[in-house]
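Here are the chains, one letter per residue:
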Amino acid sequence: MNPIELSFEFFPPKTQEGVDKLRATRAELAPLKPKFVSCTFGAGGSTQQGTLDTVLDIAKDGIEAAPHLSCVGSSKESLRAILNEYRSHGIRHIVALRGDLPSGMGSVGELRYASELVAFIRAETGDWFNIEVAAYPEYHPQSRSPSADLENFARKVKAGANSAITQYFFNADAYFRFVDDARKLGVDVPIVPGIMPITNFSQLMRFSDMCGAEVPRWVARRLESFGDDLESIRAFGLDVVTGLCQRLVDAKVPGLHFYTLNGAVATRTICERLGAQ
Ligand code: FAD
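What you see is a predicted model; the values in this text were computed from it and never measured.

Draft legend 1. Representation of the packing of aromatic side chains within the structure. Tallied over the entire structure, the rule returns 8 aromatic pairs. Clustering of aromatic rings is evident, with ring pairs tying together Tyr168, Phe170 and Tyr259. A cation over a ring is seen here: Arg87 above Trp128, with NZ or CZ 5.3 Å from the ring centre. The positively charged end of Arg92 is found above the aromatic ring belonging to Trp128, 3.8 Å away from the centroid.

In structure tokens form, the structure reads like this:
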């Protein structure tokens, strides 16, 4: 029995090589007995088939699979069709997001915020889906203010979400404070920390810049100082992220959701160091 509930996030591969690599990753992570695994969705439907194919491939192994679904750039009709397709395959778990419109892609779509997508899913499908939404302990980069972002988070939970997964963070206090503040707004669903293993300095800085996650200065400077020494980057990254996870586990968080980037080694090593087997 794992001391903590784990879930893993993948993205839909674009090539056969990517499909094979993801199968190998899943096989390596399966012994950790995740509660579920999820697969991302390209805003505007760009990975729609890939998300479905990946989720069905995962479900074949008897593992609960949750497709992500974003509403930006999509019509209600196309969202309804996707929901019906998932239902027809017996998929009952979904991660509902607004998404980000790729630059150059025209219309925002019929639903503007994730809260509207959650309400739409509930109106269309009742209690069929277990719905997850996104949470931002360091606040969403486009939010007007921290308090407005918290209120918007509470709004989408009240629209019918069952639980939330956070954007990744390296500062546990931001998460603890966010959870406390959300509870004061009446949010009582589990808020599961999203965990980003550190394996690559430039990729980490690029992602963090885009999504508004802070990489503490001492972590960034140490990583930068390793230059091309990937071994040292990985070893330091494992120490930092395992330490963060241990603090979260000690505080009895409801689970850990790993952004695997379709790789197994870092996620598996961290989970094993935490005592998962
Ligand atoms: P929302 O909850 O709608 O919030 C977006 C912004 O609008 C916030 O600033 C919020 O404060 C504001 N807002 C919300 N409601 C209102 C309102 N009524 N009035 C005014 N402002 C409002 N992206 C993908 O494209 N595909 C994925 O598969 C994907 N998976 C993700 C999984 C997780 C766990 C996380 C944390 C993020 C994921 N993302 C994904 C990224 C996500 O789509 C982006 O962060 C996006 O910018 C916001 O999505 P959201 O669902 O949080 O939006």
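That was the structure; now back to the text.
Draft legend 2. Examining empty space enclosed by the protein more closely. Under the criterion given, the structure shown has 2 cavities of 30 Å³ or more. Of the voids in this model, the largest cavity is the one considered here, and its volume is about 50 Å³. Contributing to the lining of the largest cavity are Met196, Pro197, Ile198, Thr199, Asn200, Gln203, Leu204, Phe207 and Leu261. Grouping the amino acids of the lining of the largest cavity by side-chain chemistry returns 6 nonpolar, 3 polar and no charged.

Draft legend 3. Representation of the layout of surface pockets. Roughly 310 Å³ of volume is contained in the second largest pocket. Lining the second largest pocket we find 16 residues, and of these Thr199, Thr260, Gly263, Val265 and Ala266 sit closest to its centre. Going through the elements one at a time, helix 9 (230–250) and helix 10 (265–273) are the ones with two or more residues in the lining of the second largest pocket.

Draft legend 4. Highlighting the pairing of strand 4 (residues 93–97). Taking burial as the measure, the 5 residues of strand 4 include 4 buried ones, the bulk of the element. Direction of pairing for strand 3 (residues 65–70) relative to strand 4: parallel, over a ladder of 3 bridges. Paired with His68 across the strands is Val95, a residue of strand 4. Following the chain from strand 3 across helix 3 (residues 76–88) to the adjacent parallel strand 4, one finds a crossover that is right-handed. Here strand 4 pairs with strand 5 (residues 130–135) via 3 bridges, running parallel. Paired with Ile94 across the two strands is Ile131, which belongs to strand 5.

Draft legend 5. Structural context of the site of the ligand. Near the ligand there are 22 residues, and of these Phe41, Asp100, Tyr136, Asp149 and Lys156 occur at the shortest range. Here an oxygen atom of the ligand sits 3.1 Å away from a polar atom, N or O, in the main chain of Gly99. One nitrogen or oxygen atom from the side chain of Arg155 is found 3.0 Å from a nitrogen atom belonging to the ligand. In isolation the ligand offers 980 Å² of accessible surface; the protein chains occlude 85% of this area. Take the shell around the ligand: its biggest share by element is 4 residues, from helix 5 (residues 146–158).

Draft legend 6. Representation of helix 3 in the model. End to end, helix 3 covers 18 Å across 13 residues, agreeing with the expected 18 Å (1.5 Å per residue, within 8%). Taken residue by residue, helix 3 has Leu79, Ile82, Leu83 and Tyr86 as its buried positions. Summarising the axial view, the buried residues of helix 3 lie within an arc of 100°, below the 170-degree limit, and thus occupy one face. Residues of helix 3 that are exposed and angled more than 90 degrees away from the buried face: Glu77 and Ser88. Buried residues in helix 3 make contact with helix 2 (48–60), strand 3, strand 4 and helix 4 (114–125).

Draft legend 7. Region of interest: the pattern of salt bridges. Enumeration according to the criterion identifies 13 salt bridges in this entry. For Asp173, the salt bridge identified is with Arg247, shortest N-O distance 3.0 Å. With Asp173 in helix 6 (residues 172–184) and Arg247 in helix 9, this residue pair connects regions lying 74 residues apart in the sequence. On the accessibility criterion, Asp173 (45% relative accessible area) is partly exposed. Each of Arg23, Arg26, Asp57, Lys60 and Asp61 takes part in a single network of salt bridges with overlapping partners.

Analysis parameters
Residues numbered from 1 in each chain as written. Predicted model: local features only at pLDDT ≥ 70, side-chain atom pairs only at ≥ 80, totals over all residues. Heavy atoms only, no water. Phe/Tyr/Trp six-rings, centres within 6.5 Å; stacked < 30°, edge-to-face > 60°. Lys NZ or Arg CZ within 6 Å of the ring centre and 35° of its normal. 1 Å grid on protein atoms, 1.4 Å probe; cavity = no way out; pocket = protein on both sides within 12 Å on 5 of 7 lines; lining within 4 Å. Points joined across faces, edges and corners; volume = space filled by probe spheres on them. Nonpolar A, V, L, I, M, F, W, Y, C, P; charged D, E, K, R; others polar. Helix = DSSP H or I, 4+ residues; strand = E, 2+ residues; numbered from the N terminus. Buried < 20%, exposed > 50% of the residue type's maximum accessible area, 1.4 Å probe, protein only. Pairing = 2+ DSSP bridges. Right-handed = clockwise from strand over helix to strand, strands pointing away. Near = heavy atom within 4 Å. Polar contact = N/O pair within 3.5 Å; in protein donor to acceptor, adjacent residues only side chain to side chain. Areas by Shrake-Rupley, 256 points an atom, 1.4 Å probe, with all protein chains shown as cover. Expected span 1.5 Å × (residues − 1). Arc of directions from axis to C-beta. Contact = heavy atoms within 4.5 Å. Salt bridge = Lys/Arg side-chain N within 4 Å of Asp/Glu carboxyl O.

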